[in-house]
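Observations on the three-dimensional arrangement
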Amino acid sequence: QVQLVESGGGLVQFGGSLRLSCAASGSIYRIYDMGWYRQAPGKQRELVAAFISGGSTNYEDSVKGRFTISRDNAKNTVVLQMNSLKPEDTAVYYCKAKVQPRGSVEKNDYWGQGTQVTVSP
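First, a word on scope: everything that follows refers to the structure included in this document. (Residues numbered from 1 in each chain as written. Predicted model: local features only at pLDDT ≥ 70, side-chain atom pairs only at ≥ 80, totals over all residues. Heavy atoms only, no water.)

In this structure the tally under the stated criterion is seven salt bridges. Between lysine 64 and aspartate 61 there is a salt bridge; the shortest N-O distance is 3.0 Å. Judged on exposure class, the residue lysine 64 and its partner aspartate 61 are both exposed. Here aspartate 109 ties to lysine 96 by a salt bridge, and the two come within 3.7 Å at their closest N and O atoms. In this pair, aspartate 109 sits in strand 10 (residues 108-111) while lysine 96 sits in strand 9 (residues 91-101), placing the two residues 13 residues apart along the sequence. Judged by its relative accessible area of 38%, aspartate 109 falls in the partly exposed class. Classification of lysine 96 as buried rests on a relative accessible area of 19%. (Salt bridge = Lys/Arg side-chain N within 4 Å of Asp/Glu carboxyl O. Buried < 20%, exposed > 50% of the residue type's maximum accessible area, 1.4 Å probe, protein only. Helix = DSSP H or I, 4+ residues; strand = E, 2+ residues; numbered from the N terminus.)

So this is what it looks like as C-alpha cells:
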C-alpha cells in the first residue's frame, strides 16, 4: 500500500506565504509524476503544479511566478512553496503521485487527504 501525507496548510493573509509538503511512503518501487492539485468550493479540482514525465514541471497559469514546486526523489517528497498568496488561492490542496508499487508493473494514481489553505483579504 502507498500513502501520501500532506502538511503545511493554514490561514494566511493576502500577500503571505505558505509551504506545503507531501511525503509518499509504503511499498514503492518508483514514483513517476508527482504534484499538487487544489479544489475550491463549488469548483472542479485543478492542477496547480506538478513534475511530469521527463522531469519537467507544469504550472497552472495563475500561479506562475508565485508558486514553486520542488522534489526530493531520495525522500519521496514534493514541496510547494507558495508566495504572494491571494484570496482566490483558497482551496483544499491535494498531493497526487503516479506510483509503481513494488512487485507490480502497474502505475497507479494515489492522492493525499488534502490540506486546507485559506487566504484572507
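Before going further, it helps to examine the packing of aromatic side chains. Applying the stated criterion across every chain, the model contains two aromatic pairs. Here the aromatic rings of tyrosine 37 and tryptophan 111 are separated by 5.1 Å at their centres, their planes lie at 65°, and the arrangement is edge-to-face. Here tyrosine 37 is found in strand 4 (residues 28-39), whereas its partner tryptophan 111 is found in strand 10, with 74 residues between them in sequence. Among the aromatic side chains, those forming a connected cluster through ring pairs are Tyr37, Tyr94 and Trp111. Over the ring of tyrosine 32 we find lysine 107, and its NZ or CZ is 4.2 Å from the ring centre. (Phe/Tyr/Trp six-rings, centres within 6.5 Å; stacked < 30°, edge-to-face > 60°. Lys NZ or Arg CZ within 6 Å of the ring centre and 35° of its normal.)

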